[in-house]
Amino acid sequence: MKTELAQSLNLEDWQSWILPDAKYRAAQINHWVHKKNALSPDEMSDLPLAMRERLARDFEWPGESMLQSIRFSDADQTAKFSLAFEPNKKIETVWLPYENRQSLCVSVQSGCSLDCSFCATGKMKFTGNLSAGQILLQVYLARRRMNKDVTNIVFMGMGEPFYNYDNVMKAALILHSDFGSGISTRRITVSTSGVLPGIERFVREKQPFKLALSLHSAIPEKRAKIMDIEKKFPMDDIVKFLYDNRSELKPNQLMIEYIMIKDFNMGSEDADSLFKVAKKLDAKINLIPLNTAFAGMERPSDSEIDTFWRSIRDRGIVIINRRSPAKDIDGACGMLALKESTGHNEPAA
Ligand code: SAH
Ligand code: SF4
């Protein structure tokens, strides 16, 4: 029965699928699927017809049928792809162009089983994990549609990567491998809200990708107010594990994400505790202004952002201050799943 997307297979999988006497064909198919973004065996012009027919029989080839819309921001060059893999498995992918690179923010689950109070995705119904193929198709579809390469991948769309560990790591490895997209490990970032078993596995397996830890407050009681996961996996345990295993991590591999929320986590005590954790873990901090207003939470003013940023920067920790692109199409962090947006639409077909 055809239950699997061809994009879920890596080179090794293709080698075991193929007849033993035609092993070199596995590399050919793999090349079509993962490098040339082929969405159907018909595109694989250098394969014998019988093999294309076998591919058609054995796998799901939905083409672009899951693409519902692409919305382009009127404010910047960002674009948001809305995809429906099944009627109840809807996700979004955000294309983020910068001067000399193209970043893609991919989803790993439809909705999220967690419910961080500041995040729109958490308010959606969780309908399941994406397969490796469904994760990769987001990249391949974007490359096809935008007619450009993707240079950076961030697993920061919908869902919690470490609750879909195997599929996320399989997809990341294909994106990195020479048999896939050949994207440097420094340009692939996996973001977690703090799922300790996943962090442990990631470190023990010596995964080469960047790891972003969504902290948002370095004061446990405060963090627990906005992130339920703090009660399950306390940040102190995570920090202890990462500190004890710091020799396993590469320089610059770890990053802390911190959403700045007005009158909540931007005082001097907050800055002190954040600085302490970042220093201990030798991690860069990515400060993000809150993008949505939920449950009374507000985005800080530019001068408040500046003051907080300076208070930490002055102490010698490098900080990346991420811009908030695509706000008019709800493509900014934490806005995936918000229904209404401005910007303009382009039909999928
Ligand atoms: N579940 C993972 C990855 C997806 S969320 C995680 O939580 O890390 C990706 C990033 O978007 C996280 O740093 C998250 O905190 C941030 N984000 C979520 N809601 C946001 C909001 N309202 N404003 C700004 N950033 C937000
Ligand atoms: Fe899920 Fe991350 Fe949103 Fe929290 S911030 S609800 S973990 S997607």
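Residues numbered from 1 in each chain as written. Chains lettered and ligands numbered in written order. Predicted model: local features only at pLDDT ≥ 70, side-chain atom pairs only at ≥ 80, totals over all residues. Heavy atoms only, no water.

Helix and strand counts for the protein come out as 11 helices and 13 strands. Its C-alpha radius of gyration of 21 Å places the protein within 12% of the 20 Å reference for a compact globule of 349 residues. Buried positions account for 58% of the 349 residues belonging to the protein. Restricting the contact set of the protein to residue pairs at least 6 apart, pairs at least 24 apart contribute 66%. Looking at charge distribution, the protein has the averaged site of its 47 positive side-chain charges lying 2 Å from that of its 45 negative ones. (Helix = DSSP H or I, 4+ residues; strand = E, 2+ residues; numbered from the N terminus. Rg over C-alpha atoms; globule rule 2.2 N^0.38 Å. Buried < 20%, exposed > 50% of the residue type's maximum accessible area, 1.4 Å probe, protein only. Contact = heavy atoms within 4.5 Å. Lys, Arg positive; Asp, Glu negative; His and termini not counted. Charge placed at Lys NZ, Arg CZ, Asp CG, Glu CD.)

Looking now at the environment of glutamine 253. By secondary structure assignment, the location of glutamine 253 is in the loop between α9 (235–244) and β10 (254–260). Among the residues examined, glutamine 253 registers a relative accessible area of 5% and is labelled buried. Residues glutamine 253 and leucine 211, spaced 42 residues apart in sequence, show a C-alpha to C-alpha distance of 6.1 Å. One polar contact links the side chain of glutamine 253 to the main-chain amide nitrogen of lysine 250, over a distance of 2.9 Å. (Polar contact = N/O pair within 3.5 Å; in protein donor to acceptor, adjacent residues only side chain to side chain.)

Attention now moves to the site of ligand 2. Surrounding ligand 2, one finds Cys112, Leu114, Cys116, Phe118, Cys119, Gly122, Gly159 and Ser193. Looking at the shell around ligand 2, its residues break down into 5 nonpolar, 3 polar and no charged. (Near = heavy atom within 4 Å. Nonpolar A, V, L, I, M, F, W, Y, C, P; charged D, E, K, R; others polar.)

Another aspect to go through is the pairing of strand β7 (residues 152–155). Here β7 shows no split at all, with Asn152 and Val154 on one side and Ile153 and Phe155 on the other all buried. Bridge count between strand β4 (residues 102–105) and β7: 3 bridges; the pairing is parallel. Looking at β7, one finds that cysteine 105 is bridged to valine 154. Looking at chain direction, β7 and strand β8 (residues 188–192) are connected through 3 bridges and run parallel. By the bridge assignment for β8, phenylalanine 155 is matched with valine 190. (Pairing = 2+ DSSP bridges.)

Looking at the assigned domains, one finds that the protein contains domain 1 (6–58) and domain 2 (67–347). Domain 1 and domain 2 are separated by 33 Å when their C-alpha centres are compared. The partner domain 2 presents 15 residues to the 14 residues of domain 1 that form the contact. Both sides together, the interface formed by domain 1 and domain 2 hides about 1,200 Å², and carbon and sulfur atoms give 51% of it. At the junction of domain 1 with domain 2, the criterion picks out 2 salt bridges. Where domain 1 touches domain 2, the interface holds 11 residue pairs in polar contact (both at pLDDT 80 or more). (Domains from an automatic or database assignment. Buried area = accessible area lost by both parts, 1.4 Å probe. Salt bridge = Lys/Arg side-chain N within 4 Å of Asp/Glu carboxyl O.)

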